[in-house]
Amino acid sequence: MPQFGFSISKPRAINLDTNDQVPAERLLQEVPELKTCIACGGCTATCTAGNLTDFNFRKMHTLVRRGEYREVYEQMDKCMLCGKCRLVCPRGINTRAVVIKIKRVLGDY
Amino acid sequence: MAYYDSFVIPFLAGTVFMFAVIAWKWCRWIWLLPSEDKRAISKGVFTSATPKAVWEVISESLLHRKIFRVNPLLGYMHMSLAFGWFLLIVVGWIEAAVELGAGTPLHAHVFFRYFDPGAHAGGNPFATVMDLLLLMVLSGVVLAWFKRVRSRAMGMKRTTRHVLVDRVALTALWFVFPLRLAAESFMAAIKHNGGFLTGGLGDLIAAHMDPAVIAGVNSVLWWLYSFALGTFFVAMPFSRYMHIFTEIPLIFLRRYKVRSGDHTKSFDNFQIQACSRCGICIDPCQLQRDLGIGDVQSVYFLRDRRYGRLSDKVLDNCLMCGRCEVKCPVGIELNTLRSNSRQERVDSPALTRYDYLKGTDRSSGSGRVGYFAGCMTLLTPVTLRSMERIFAAAGEDVWWADRDGASCCGRPLKLSGEVNAARRIMEYNKEQFAAHGISTLVTSCPICLKVFREDYALEGIEVLHHTEYILRLLEQGRIALNAGDTVYTYHDPCELGRGSGIYDEPRQILGMAGKLVEPEHSRSDAMCCGSSLANTVIDDGQQLRIGAAMTTELERTGAGCIVTACPLCKKAIVRNATLPVADISQIVAERLQVSGT
Amino acid sequence: MDKRVVIIGGGVAGMQAALALKERGAEPVILEKEERLGGKLRDWHRLFPTFTPAAEVLEPLREGIARAGIEVRTGAEVECLSEGGAVLRGGECIEGGATVICSGFDVFDARIKEEYGYGIYDNVFTTVDVERMFNEGRVATAQGGVPQRIAFLHCVGSRDEKVGAHHCSKVCCITGVKQAIEMKEMFPSAEIYNFYMDIRMFGPGYEELYRRAQLEYNINFVRGRISEASQTIDGRVQIKAEDTLVGRPLKMTVDMLVLIVGMKGGSRNVAFAGSGGLTVADNGFMQPQDSFLGNVSSGRKGIFYAGTVTAPKNIGESLNEGVAVAARVASYLGL
């Protein structure tokens, strides 16, 4: 859903002083190679769901790694786990595990 | 009370306890079966399924014929224990009935030598038979000990690591027969009622020991023997030995066409507890063979699920390649059970989750034949182009479902356990197929193929993998190939071969195009490429190692070209191969005869 | 001691090493598998960042070799190393007091990245193809047309776990910028897009060239890796990427897609290592003794390296290593 400008109460900046990094650290512990992401966007370019919706896998896992979790779970729900992203990822990241782990981590967040 | 001695108490108590627990379990499981399964049972009971089940019980539960096929020595071990013990009980019961008359109490025939009323003039033929049977069982016990020490000689590189209750039961079981031998031999020393084995040993004992000592040892041994039996029976329903009896109702239910499904149900218990933890599933597992991961195999999955301590690590770490399933001597539906365990854990999709699919249609073209490339095939454009050329050569009008990207088939989601969510994707795709009026659906992806066939229930639409479709075109003479002298080797994709039973079609096609050589493991024994979507645990390096091992085998065939029929397998092989790698459609497209007409 | 030095490979590093060794009194012999000296540079048109014609580097080297009367064996493919030299295909042994391996690199085979369609679609090219076209003096689409839209994709075969390449090939970024400018000069009305992940401008004048590409040549730099390509009915190439700076998928149709292919370790490296007791590094290139004082030594007596056999390098660096290795070999031979 597009975000319109009237949600002025939300601060724009990612606040790394206050963001809770615990779920992010748990994710990186389980899929450590996610740290090697060079943000090439190959996953998002090839994404079956991303070509039909505004779902952006690269952005979502980057947000999680910054301790920003709002709406990530709902976005991840669009993923069909088809695995194309894993096949194109030049860093060999187990992207399907990233999706599943993010949902598990955020499911009980 | 006739034929009673207090040493029989441990045995009697154990027996009563065991049968009570087993009866409780079975009744409960059957009671909890969904009504369609109950209907299937009542429909099947009075058909030929019942005698067939009886025969299967004899050949598998008693004779263990399938294990003989894995390794004759291993088969003999299982057979001597199961069938030998069974005969000991039957013959023992007959002997007791003959000697003691009708209405013999249970313990009297189990401990017959103890209660044996007297010496037999001219020897007891039963004693000889019973000694032979005891020898057979004892040989099985010796082999079981030997297997613990040197499993390789029994055709198994690795054996199962057992839980405590299994070890208690196992220890008791190992003691039962040697104790029986000792007790009967001492008894024979007193009563001279043994056969060639117990009688012979009895004579030896009588010749060298004081009668008072013999009498003392004798009564202790019968106590120990009864206690070992009792211990085994108490532990049995909670240990792997539950399989001894559970395999029987499983065989019957299976003959009545009861199966496990997408969702867990009480029938699963019959399958889970019919697992003897023989560990035959460990060696075929490539996670074990190539990665040294040794705690996730089906035997451990079933064990952990049975004891309610299944972890994500064990559950998710499986390629679901099916190599273990084809080897399982009990025929347990290992993949189905694993997927429904995954389903149990995570499946409460937001109902609107895939609503975005509604109203999207990226398809193009029109025709009675629909072509669904599959997500992965979009990353192997040679396959797409080859199919395009084949369709053109055959003069086929084609509806291209997903050439410009479309929905996933739903199987990856299902494999990760999200069955209900996957269903929503499937419904959307079904609507698409129906809306475009196709009568044949061709796919290049074995993963899609399997789900289209098994879950879509596409009425009036025949689902074909492109290997099947191409072969049909060739047989109908709609296309023809220029045969060459290239030597091909073919890799069976898991989902196409073991998953869908398609082994011959690709081989027939390659036979028309050139020569075919088989790798060491092929057809139902073929290796997995490691890229399976069913596994969400192993990392890229681990996938690569599995792929490398399997590619090495393909290259060792001496072929000039490696052929497969799955985009994922192709990608995995290309990463490791030095030889050219092709999808079968590419071979066909390159060798198409251009007709003059 | 034997003054003969066996030089495996007659590219820029091998030629430079031979010249410098000859000056120091050694008797080098160059073993070149092709029919002419020059190595990969023979197929190159102009060099970054100055657009110097490749011939301006090659010709003086070739002339120097001829003038100095250095022994050159062309068509001599080395199978493996021998004690004190090399074994040619056919079994002939060429031996001397020292061996310098200047066998260079292999160009990544872009067909392995099937999703980009090289060898499948008509209008997908590599940087090597583009140099060849520049040399032939005719750049056109497969249909013979003038390209109006050209996309370059960086890092093909580099930094890609899926093709077993963790390393950065170093010179591709600047090659992509150079070729983009050359294309723009040739087709001033064409739109040119470079798809990149990181732009690594490590050499003198490189960053300045990148800046000129943006400012003077209007080359568009899009931060994102193309995930796949397909061919349109009219034979053009449709590409998909994410514009990662915007965070949205991007689709476009181009007349030419140029894959900027990386460098990989030479295919003979494993044979060299096996026969000479040398080490192949994880990245497939030969492992020098160390990265500093021993960067042209192999760690084995009498075996030395120069040029891209040990890592991706540009022409200038390879030439310098030719001189450096000569100094090391001379002192080894006591010249």
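Residues numbered from 1 in each chain as written. Chains lettered and ligands numbered in written order. Predicted model: local features only at pLDDT ≥ 70, side-chain atom pairs only at ≥ 80, totals over all residues.

*Asks:* Would you mind showing me how to read the interface of chain C and chain B here?
*Replies:* The interface is formed by nine residues belonging to chain C together with nine residues belonging to chain B. Partitioning the side of chain C that touches chain B into residue classes produces two nonpolar, two polar and five charged. (Contact = placed C-beta atoms within 7 Å. Nonpolar A, V, L, I, M, F, W, Y, C, P; charged D, E, K, R; others polar.)

*Asks:* I keep staring at the pairing of strand β12 (residues 149-156) of chain C and nothing clicks. Help me out?
*Replies:* Within a regular strand, the side chains alternate between the two sheet faces. Residue and element names in this part refer to chain C. Most of β12 sits out of view: seven of its eight residues are buried. Two strands pair when backbone bridges link them, and β12 and strand β13 (residues 191-196) are joined in this way by five bridges, in the parallel orientation. Opposite Leu153, over in β13, you have Phe195 as the bridge partner. Crossover handedness for the path β12 to helix α4 (residues 172-186) to β13: right-handed. Of the strand pairs in this sheet, β12 and strand β18 (residues 256-261) are connected by five bridges, and their pairing is parallel. Considered in β18, the bridge of Ala151 is made with Leu257. (Buried ≥ 20, exposed ≤ 12 C-beta atoms within 10 Å, placed from the backbone. Helix = DSSP H or I, 4+ residues; strand = E, 2+ residues; numbered from the N terminus. Pairing = 2+ DSSP bridges. Right-handed = clockwise from strand over helix to strand, strands pointing away.)

*Asks:* Any chance you could explain the interface of chain A and chain B here in plain terms?
*Replies:* How big an interface is tends to be stated in terms of the accessible area lost upon association of its parts. Each partner contributes residues to the interface: chain A has 19 residues there, and chain B has 21 residues. Sorting the residues of the side of chain A that touches chain B by element identifies α5 (84-88) and α6 (95-107) of chain A as the ones contributing at least two each. The residue inventory of the side of chain A that touches chain B, partitioned by class, reads eight nonpolar, six polar and five charged.

*Asks:* Explain the sheet that holds strand β2 (residues 27-32) of chain C to me, please; I cannot follow it from the model alone.
*Replies:* Backbone hydrogen bonds are what pair the strands of a sheet, in a parallel or an antiparallel way. All names here are of chain C. Spatial ordering of the open sheet is given by β5-β2-β1-β9-β20, a layout of five strands whose pairing is parallel. In the strand order of this sheet, the two ends are held by β5 (71-74) and β20 (303-305), each with one partner. With strand direction ignored, the average angle separating the axes of adjacent strands in the sheet is 20°. Of the strand pairs in this sheet, β2 and β5 are connected by four bridges, and their pairing is parallel. Residue Glu32 lies in a different strand from β5, and its bridge partner there is Thr74. (Axes fitted to C-alpha atoms, helices over the stretch in contact; angles between N-to-C directions.)

*Asks:* Just to check I follow, could you spell out the sheet that holds strand β17 (residues 248-254) of chain C for this structure?
*Replies:* All names here are of chain C. Spatially, three strands are ordered β15-β16-β17 in an open sheet, and the strand pairing comes out antiparallel. At either end of the open sheet lies a strand with only one pairing partner, and these are β15 (228-231) and β17. Sheet twist, expressed as the mean angle between neighbouring strand axes with direction ignored, is 25°.

*Asks:* Quick question: what am I supposed to make of the domain arrangement of chain B here?
*Replies:* All names here are of chain B. Under the domain assignment used here, chain B contains domain 1 (50-245), domain 2 (259-344), domain 3 (354-472) and domain 4 (480-590). The distance between the C-alpha centroids of domain 2 and domain 3 comes to 30 Å. Each partner contributes to the interface: domain 2 provides five residues, whereas domain 3 provides four residues. For the side of domain 2 that touches domain 3, the residue count by class is one nonpolar, two polar and two charged. (Domains from an automatic or database assignment.)

*Asks:* What is the right way to look at the domain arrangement of chain C in this model?
*Replies:* All names here are of chain C. For chain C, the assigned domains read domain 1 (4-104 + 266-333) and domain 2 (110-263). Taking only C-alpha atoms into account, the centre of domain 1 sits 31 Å from that of domain 2. Domain 1 puts 10 residues into the contact, and the matching count from domain 2 is 18 residues. A per-class count over the side of domain 1 that touches domain 2 returns four nonpolar, five polar and one charged.

*Asks:* What is the right way to read the packing of helix α1 (residues 22-30) of chain A against α6(A) from this model?
*Replies:* Packed helix pairs are specified by the crossing angle of their axes together with the interaxial distance, meaning the distance between the axes. Residues and elements named next belong to chain A. Closest axis-to-axis distance for the α1/α6 pair is 10 Å, and the angle between their directions is 145°. Crossing hand, α1 versus α6: right-handed. Seen from α1, the contacting residues are Pro23, Arg26, Leu27 and Glu30; seen from α6, they are Lys101, Ile102, Val105 and Leu106. Looking at side-chain class alone, the contact of α1 with α6 contains five nonpolar, no polar and three charged residues. (Left-handed = near helix turned anticlockwise from the far one by under 90°.)

*Asks:* What exactly am I supposed to notice about the pairing of strand β14 (residues 220-223) of chain C here?
*Replies:* Here β13(C) runs beside β14(C); their pairing, made up of four bridges, is parallel. Across the sheet, residue C:Asn194 finds its bridge partner in β14(C), namely C:Phe221.

*Asks:* Help me understand helix α26 (residues 567-574) of chain B, please; the structure alone is not making it clear to me.
*Replies:* Residues three or four positions apart in an α-helix share a direction because the helix packs 3.6 residues into each turn. Of all eight residues making up α26(B), eight are buried, and the element is well covered by its neighbours. Turning to α26(B), its buried residues number three or more, namely B:Pro567, B:Leu568, B:Cys569, B:Lys570, B:Lys571, B:Ala572, B:Ile573 and B:Val574. Check the buried side of α26(B) and you find it contacts α5 of chain A together with α19 (381-394), α25 (540-555), β8 (561-564) and β9 (581-583) of chain B.

*Asks:* I keep staring at unusual backbone geometry and nothing clicks. Help me out?
*Replies:* Most peptide bonds take the trans configuration, and most residues that are not glycine carry a negative phi. In this structure, C:Pro49 follows C:Phe48 across a cis peptide bond, with omega equal to -10°. Looking at the element boundaries, C:Pro49 is found in the loop between β3 (46-47) and β4 (52-53). Unlike most non-glycine residues, B:Met320 shows phi in positive territory, near 50°. Its place among the elements puts B:Met320 in the loop between α16 (312-316) and α17 (323-327). On the basis of neighbour counts, which here come to 23 C-beta atoms within 10 Å, the residue B:Met320 falls in the buried class.

*Asks:* It is not clear to me how the environment of C:Pro249 should be interpreted in this structure. Could you clarify?
*Replies:* Checked against the element boundaries, C:Pro249 lands in strand β17. Taking the C-alpha atoms as reference points, C:Pro249 and C:Cys93, separated by 156 residues in sequence, lie 57 Å from one another. Beyond its immediate stretch of four places on either side in the chain, C:Pro249 contacts A:Thr44, A:Ala45, A:Gly50, A:Asn51, C:Lys240 and C:Glu242.

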